[in-house]
Amino acid sequence: ALAARFPADFLFGTATASFQIEGAAQADGRKASIWDAFSHMPGRVKGGDTGDVACDHYHKLEADLDLMTELGVAAYRFSIAWPRILPDGAGAVNETGIGFYDRLLDGLQSRGVKAFATLYHWDLPLALMGRGGWTDRDTARIFADYASLVTARLGDRLDTIVTFNEPWCSVYMGHLMGVHAPGERSIEAAMAALHVTNLAHGLGVQAIRSERPELSVGLVLNPMSVLPASDSAADRGAAERANDFHNGAFFGPVFEGAYPSALLDGCPDLSRNIQPCDLEVINQPLDFWGLNYYTPMRVKDDPSSPFPHAGSAPPVQPEKTDIGWEIEPAGLSHVVKYLYGRYQLPEFFITENGAADNTEVENGAVSDVMRVEYLTSHLGVAADLIAEGYPLKGYFAWSLMDNFEWAEGYSMRFGLIHVDYETQVRTIKQSGHWYTSLLAAHAA
Ligand code: GCO
């Protein structure tokens with residue numbers, strides 16, 4: 001059975017992010033983040049959806065914690081809304097905002113659920129955007145102050161802390177592709193944001209460690225599982241460059257203290273952001289890292305496009321999730337093997353994995369069979385990786401409940417629990433019940 005393939009101390013959990021679930025956008029002193037601003041701009045988010053109410057988790061905290069108990073998860077991965085506790089990004093602390101996370105952590109502790117916190121899951125205080133946001137070097141220092149504050153005030157009840165969630169998305173989707181906040185489309189901005197984000201990670205780790213040296217610190221990345229469209233030398237070259245651009249841009253500085261030379265050559269805007277000693281700061285030893293995996297990236301050589309000169313190639317597997325992403329569990333083992341072959345990495349958790357399956361409630365139940373199959377096949381690969389000796393310590397299903405799926409708004413449902421956005425009624429889906437049985441079998 002699947003459950004028996006995971007060691008006794010393997011952690012099973014679920015994950016969420018503040019902006020995607022909390023709502024209460026103006027409650028108790030919270031101010032706007034770049035995602036509040038972006039989602040309120042016409043045409044940015046499908047259906048004009050915003051995070052104003054989301055799952056109203058801010059007001060439904062206790063009931064949502066009880067749902068975690070009902071699911072039987074051993075760990076919960078969530079993020080802290082920076083603009084809730086430091087509404088202007090820096091300066092005055094909003095005690096009511098901290099109070100929310102106090103209640104969350106106390107609630108997890110009393111239920112025996114481990115707390116995995118992320119400092120930054122994309123909700124930059126809007127006040128900091130006025131100074132350039134992630135393209136402004138000062139933001140890295142300000143982030144470190146925020147990291148110190150959280151560690152000092154909440155760190156005693158955290159099992160782990162993570163600086164950034166998927167900086168690939170906040171850097172490239174936010175500054176190069178323009179589909180996420182702040183919606184910029186510029187390689188110059190993206191290269192500045194890349195370096196400032198990496199620097200903020202390094203300064204953040206230092207700040208956390210000086211506040212609470214015993215706290216386990218990590219970084220959550222969404223490395224691309226880059227698969228060449230063919231075996232030709234040209235497509236394999238494209239895959240290598242795509243690895244440098246999408247993965248090396250983060251793994252290089254964080255784990256080796258250097259950007260890939262092909263990236264420095266291919267994106268000359270990067271170098272001018274780098275100051276002496278930055279790479280030493282970025283290259284902090286980490287206790288663990290988190291891997292988010294959904295789908296592979298297939299590439300073919302495309303000399304006419306900008307660096308990394310890699311065009312996207314069509315999917316190979318016929319099945320897709322409702323968001324249109326190819327279902328390819330082998331991509332998970334591919335990326336893990338590639339990364340552990342290429343870098344010196346500490347132990348890791350799968351911090352996100354899941355499927356958009358928009359099955360609705362019918363007669364009080366949600367038969368999300370595709371999600372169950374998706375989770376089963378990917379957990380099978382996770383178990384194979386453990387059997388092969390990779391240091392995988394836990395798995396977090398994305399997501400605890402349906403939520404604000406960024407540019408897709410509420411149209412894409414990733415939850416183990418269904419949310420009716422009209423009534424805020426929660427219904428545990430078939431996948432949720434399936435996860436509960438898996439966890440029970442594992443505990444036994
Ligand atoms: C993340 C993710 C989540 C998404 C999930 C499905 O990057 O951590 O973007 O916030 O909801 O990946 O797309």
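Residues numbered from 1 in each chain as written. Predicted model: local features only at pLDDT ≥ 70, side-chain atom pairs only at ≥ 80, totals over all residues. Heavy atoms only, no water.

Asks: Just give me the short version of the site of the ligand, but keep the residues and values in it.
Replies: As a structural note, the neighbourhood of the ligand is formed by 13 residues, with Gln20, Asn165, Glu166, Glu352 and Glu405 the closest of them. A distance of 2.4 Å separates an oxygen atom of the ligand from a polar atom in the side chain of Glu166. The separation between an oxygen atom of the ligand and a polar side-chain atom of Tyr294 is 3.0 Å. If the ligand stood free it would expose 320 Å²; the protein chains cover 96% of that surface. Here the shell around the ligand is composed, by residue class, of 6 nonpolar, 4 polar and 3 charged. (Near = heavy atom within 4 Å. Polar contact = N/O pair within 3.5 Å; in protein donor to acceptor, adjacent residues only side chain to side chain. Areas by Shrake-Rupley, 256 points an atom, 1.4 Å probe, with all protein chains shown as cover. Nonpolar A, V, L, I, M, F, W, Y, C, P; charged D, E, K, R; others polar.)

Asks: Give me the lowdown on helix H3 (residues 61–71), citing residues and values where you can.
Replies: Looking only at H3, the buried set comprises Leu61, Asp64, Leu65, Leu67, Met68 and Leu71. Along the axis of H3, the buried residues cluster in a sector spanning 150°; they form a single face. Contacts made by the buried residues of H3 are with strand S1 (11–15), strand S2 (75–79), helix H5 (95–110), strand S12 (417–420), strand S13 (425–428) and helix H15 (430–443). Once H3 ends, the next one or two residues include Gly72, with phi positive near 85°. (Buried < 20%, exposed > 50% of the residue type's maximum accessible area, 1.4 Å probe, protein only. Helix = DSSP H or I, 4+ residues; strand = E, 2+ residues; numbered from the N terminus. Arc of directions from axis to C-beta. Contact = heavy atoms within 4.5 Å.)

Asks: Tell me about the pattern of salt bridges, and please be specific about residues and values.
Replies: Note that side chains of opposite charge can pair when their charged atoms are close. One pass over the full model with this rule turns up 30 salt bridges. Note that Arg157 and Asp156 form a salt bridge whose closest N and O atoms lie 3.2 Å from each other. The partner of Asp402 in a salt bridge is Lys429, with the nearest N and O atoms 2.7 Å apart. With Asp402 in the loop between strand S11 (392–398) and S12 and Lys429 in the loop between S13 and H15, the pair connects residues that are 27 residues apart, well separated along the chain. Relative accessible area serves as the criterion here: at 0%, Lys429 is assigned to the buried category. Overlapping salt bridges bring together Asp102, Asp106, Asp156 and Arg157 as one network. (Salt bridge = Lys/Arg side-chain N within 4 Å of Asp/Glu carboxyl O.)

Asks: Now, about the pairing of strand S10 (residues 347–352): what can you tell me, with residues and values included?
Replies: S10 sits mainly inside the fold: 5 of its 6 residues count as buried. Pairing analysis gives 5 bridges linking strand S7 (residues 288–292) to S10, with the strands arranged parallel. By the bridge assignment for S10, Asn292 is matched with Glu352. As paired elements, S10 and S11 share 3 bridges and run parallel to each other. Looking at S11, one finds that Phe349 is bridged to Gly394. The parallel pair S10 and S11 is bridged by helix H14 (residues 369–387), and the resulting crossover is right-handed. (Pairing = 2+ DSSP bridges. Right-handed = clockwise from strand over helix to strand, strands pointing away.)

Asks: Could you give an account of the packing of aromatic side chains, naming the residues involved and the relevant values?
Replies: Each aromatic ring pair is described using two quantities: the centre-to-centre distance and the angle formed by the ring planes. Tallying each qualifying case throughout the model produces 46 aromatic pairs. Centre to centre, the rings of Phe10 and Phe12 are 5.0 Å apart; their planes meet at 65°, and the pair counts as edge-to-face. Judged by its relative accessible area of 4%, Phe10 falls in the buried class. With 4.4 Å between their ring centres and 45° between their planes, Trp122 and Trp406 make a pair best called tilted. One end of the pair, Trp122, is in the loop between strand S3 (114–120) and helix H6 (126–129); the other, Trp406, is in the loop between S11 and S12, and 284 residues separate them in sequence. Trp122 sits in the buried class, given a relative accessible area of 5%. A residue is classified by how much of its surface remains accessible, and Trp406, at 4% relative accessible area, is buried. (Phe/Tyr/Trp six-rings, centres within 6.5 Å; stacked < 30°, edge-to-face > 60°.)

Asks: Tell me about the nonpolar core, and name the residues and values.
Replies: It is characteristic of soluble globular proteins that their nonpolar side chains tend to be buried jointly. Ranked by internal contacts, the top residues of the largest apolar core, which has 151 residues, are Trp35, Phe78, Trp82, Leu108, Trp134, Tyr172 and Leu194. If one sorts the elements of this core by residue count, helix H9 (residues 187–211) sits on top with 10 residues. Residues within four places of Trp35 in sequence aside, it is in contact with Phe19, Val45, Trp122, His180, Ala181, Phe404, Trp406 and Ala407. (Core = buried A, V, L, I, M, F, W, Y, C linked by side-chain atoms within 4.5 Å.)

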